[in-house]
Amino acid sequence: MTRNIMAIDLDSCIGCHSCAVVCKQENNVGLGTFYNKVLTIGPTGTYPDLEMYYLPVACQHCDNPQCVDVCPTGASYQREDGIVLVDHSKCIGCQYCVMACPYGVRTYDESRDKGVIEKCTLCAHLVDAGEVPACVRHCPGQARFFGDLDDPDSDVSKLVTAKANHKLTDVGNHPGVVFCMDNCTWIGDEQA
Amino acid sequence: MSVQWPLLLFSVLLGTSSGMLVYLGIHEARGRRATASFMIALTALVLLGVGGIASTFHLGHPERALHIMGNMGSGLSRELIGVGVTAVVTLAYAVCVRMSYASAAKGLGFCAIVVGAVLPVIAGSSFMMAARPTWDSATLPLMYLGGGLGLGFTLAAAIACAKGAEAAERAFAAKLALAGAAAAAVTALIWVAWVALAPYPDASRSIMRLAAGDLAALFWIGAVALGVVAPCVLCWMARRADAKRMLAYVSGAFVCLLAGSVALRVIMYAVATSVQQLIY
């Protein structure tokens, strides 16, 4: 069974924010709204032993998405390949999914399509056309990978196997995005 | 999280309405219908309706509200059904009282106790989300229930008192009001204790924000003094007061509980930070 996930090699991320910019272009994301953002973690430690890394964050397309559970209309749903999407024609803008998301990566968009919830779609329209998400294609550091984790020959599987894996805090939602990093100390959460 | 005023108003009015239903049901169960029971039921229905209308202001697309039945596992869907059932029971009870159908009113009185106790729990449990540690506890629906009993009992007692309830009924109503105020106080404090014990501790949702931080004034004056101490004291004083004073005491207790409930819910939203607030 196909299990498409995003894996990000934090050792290769240069913090250029290209992924955030191209995401806005590809998905026509309105002003003040972000599907994807790059955070700077650190510096931590004591001089001269300092560490800093960049953490690109977006919807984690969780295995057990809480946003889908609380959505009263079924507007938030998960496809068979694991991508979590919002059907804007069903969304009533109740914002319960925003509350249920542990990561603050969903937003209530009042600017473009007023009154509905916006979030990363993993560029499902490109995935359906056999392509990869725009942030993966345009990452100059080649830090982002997208593919089938159940396929041992996929780039995603190779990266996940090669490096230490980390995930955002799991409160039962089982986040799908894997952060791979060997060169810095992962801050905040348990090993995946 | 910013205060969601439509939801806040909805929960306070829903709680008041539910508490009034339980008040009516208890009187029916005792075999002595409450004075002004029709008016109390009607007030409960109006409050529920106003609360329901207020909640739609939270929605981006209220015209799609029928889609709410799309996921019956969602707390919001259960809440909508609960509100519908409660409205039907309240309306049926009011009609039976108006038409003097005593046995039907008594039966509906038992139903009123059940729906009046269950609805605030459903409403509170819809906020139980693992992403928000201060909400993810049964203490939250318990707080909704206790607050609702306090609000509903004091308002119903005030209406009965104003409408000329006899001394024996007033004495019982004052006891109920005191019990409601005590339930509101205890359940509020239990939820505050949960805030102190919740997992994934963080300064944004720490008990110190309430005790001595930016929420201290709201907590000590609004939630504690007005929401806990004043209603209990006023309802205690109402037990042996004459009709006029009792009306003043229970009305005062209701107003204090109202202010306390709003303050507690503002705090509830203020400490509802998620485990990892990354973009928004």
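Scoring rules and cut-offs
Residues numbered from 1 in each chain as written. Chains lettered and ligands numbered in written order. Predicted model: local features only at pLDDT ≥ 70, side-chain atom pairs only at ≥ 80, totals over all residues. Heavy atoms only, no water. Helix = DSSP H or I, 4+ residues; strand = E, 2+ residues; numbered from the N terminus. Contact = heavy atoms within 4.5 Å. Patch = residues over 30% accessible without salt bridge, like charges linked within 9 Å, V, L, I, M, F, W, Y side chains within 5 Å. Areas by Shrake-Rupley, 256 points an atom, 1.4 Å probe, with all protein chains shown as cover. Salt bridge = Lys/Arg side-chain N within 4 Å of Asp/Glu carboxyl O. Lys, Arg positive; Asp, Glu negative; His and termini not counted. Charge placed at Lys NZ, Arg CZ, Asp CG, Glu CD. Buried < 20%, exposed > 50% of the residue type's maximum accessible area, 1.4 Å probe, protein only. Pairing = 2+ DSSP bridges. Buried area = accessible area lost by both parts, 1.4 Å probe. Polar contact = N/O pair within 3.5 Å; in protein donor to acceptor, adjacent residues only side chain to side chain. Nonpolar A, V, L, I, M, F, W, Y, C, P; charged D, E, K, R; others polar. Bend = angle between axes of the 7 residues up to and from the residue. Disulfide = S-S within 2.5 Å. Core = buried A, V, L, I, M, F, W, Y, C linked by side-chain atoms within 4.5 Å.

Student: Is there a simple way to think about the environment of Leu215 of chain B in this case?
Tutor: Positionally, Leu215 of chain B belongs in the loop between helix 7 (207–211) and helix 8 (216–238). What Leu215 of chain B contacts, discounting residues up to four positions off in sequence, is Arg209, Leu210, Ile267, Ala270 and Val271 of chain B.

Student: What's the story with a positive patch on the surface in this structure? I'm lost.
Tutor: Residue and element names in this part refer to chain B. A cluster of basic residues, Arg30, Arg32, Lys175 and Arg240, forms a positive patch at the surface. Relative to the helices and strands, Lys175 is located in helix 6 (residues 167–197). The class of Lys175 is exposed, set by a relative accessible area of 56%.

Student: Looking at this model, I keep getting lost on the pairing of strand 2 (residues 36–46) of chain A. Mind explaining?
Tutor: Side-chain positions along a regular strand alternate between the two faces of the sheet. Residues and elements named next belong to chain A. Here strand 2 pairs with strand 3 (residues 49–58) via nine bridges, running antiparallel. Residue pairing in the sheet places Leu39 in a bridge with Leu55 of strand 3. The turn joining strand 2 and strand 3, which pair antiparallel and follow one another in sequence, is formed by two residues.

Student: What is the right way to read the interface of chain A and chain B from this model?
Tutor: One widely used convention gives an interface's size as the accessible area the parts lose upon coming together. Each side of the interface is counted separately: chain A has 43 residues, and chain B has 34 residues. Both sides of the chain A and chain B interface together cover about 2,900 Å² of buried area, and 58% of this is carbon and sulfur. For the chain A face of the interface with chain B, the top three residues by lost area are Ile92, Tyr96 and Met99 of chain A, together amounting to 26%. Linking chain A to chain B there are zero salt bridges. Across the contact surface, chain A and chain B share 21 residue pairs in polar contact (both at pLDDT 80 or more). When contributions to the side of chain A that touches chain B are tallied by element, the ones reaching two or more residues are strand 2, helix 2 (66–70), helix 3 (96–100) and strand 6 (107–109) of chain A. Counted by class, the side of chain A that touches chain B contains 23 nonpolar, 13 polar and seven charged residues.

Student: Looking at this structure, how should I read the side chain of Arg106 of chain A?
Tutor: Relative to the helices and strands, Arg106 of chain A is located in the loop between helix 3 and strand 6. At 2.9 Å, the side chain of Arg106 of chain A forms a polar contact with the side chain of Ser76 of chain A. Not counting residues within four places of it along the chain, the set of residues in contact with Arg106 of chain A comprises Cys67, Ser76, Val84, Val86, Cys97, Val98, Cys101, Ile117, Glu118 and Lys119 of chain A together with Tyr280 of chain B.

Student: How should helix 8 of chain B be read in this particular structure?
Tutor: Count 3.6 residues to each turn of an α-helix, and residues three or four apart come out pointing the same way. Residue and element names in this part refer to chain B. Bending of helix 8 peaks at approximately 45 degrees at the position of Ala225. Three or more residues of helix 8 are buried, namely Ala216, Phe219, Gly222, Ala223, Val224, Gly227, Val228, Ala230, Pro231, Leu234, Cys235 and Ala238. Where helix 8 is buried, its residues touch helix 5 (139–162), helix 6, helix 7 and helix 9 (243–270).

Student: How do you make sense of the state of the cysteines when you look at a structure like this?
Tutor: In protein structure, a disulfide is the covalent linkage between the sulfur atoms of two cysteines. Residue and element names in this part refer to chain A. If you walk through the whole model with that rule in mind, you get zero disulfides over all chains. No disulfide involves Cys101; its sulfur sits 6.6 Å from the nearest other cysteine sulfur, which is in Cys67. Of all cysteine sulfurs, the one in Cys135 lies closest to Cys123, which takes part in no disulfide; the gap is 6.1 Å. A relative accessible area of 6% means that Cys123 is categorised as buried.

Student: Looking at this model, I keep getting lost on the nonpolar core. Mind explaining?
Tutor: Soluble globular proteins tend to bury their nonpolar side chains together. Within the largest apolar cluster, 92 residues are counted, with the highest numbers of intra-cluster contacts made by Tyr23, Phe127, Trp135, Trp191 and Met246 of chain B. With 14 residues, the top contributor of residues to this core is helix 5 of chain B. If we skip the residues at most four places from it in the chain, Phe127 of chain B touches Tyr96 and Met99 of chain A together with Leu7, Trp135, Leu140, Tyr144, Met268 and Tyr269 of chain B.

Student: When you look at unusual backbone geometry in this model, what are you seeing that I'm missing?
Tutor: Peptide bonds are, in most cases, trans, and in most cases residues other than glycine have a negative phi. The amide bond that connects Gly42 of chain A to the next residue, Pro43 of chain A, takes the cis arrangement and shows omega of 5 degrees. Structurally, the position occupied by Pro43 of chain A is in strand 2. Omega for the peptide link from Tyr47 of chain A to Pro48 of chain A comes to 10 degrees, which places this bond in the cis form. Following the sequence through the fold, Pro48 of chain A ends up in the loop between strand 2 and strand 3. Located in the positive-phi region is Ser100 of chain B, a residue other than glycine, with phi close to 60 degrees. Among the structural elements, Ser100 of chain B can be located in the loop between helix 3 (75–98) and helix 4 (102–125).

Purely geometric numbers; function is a separate question.
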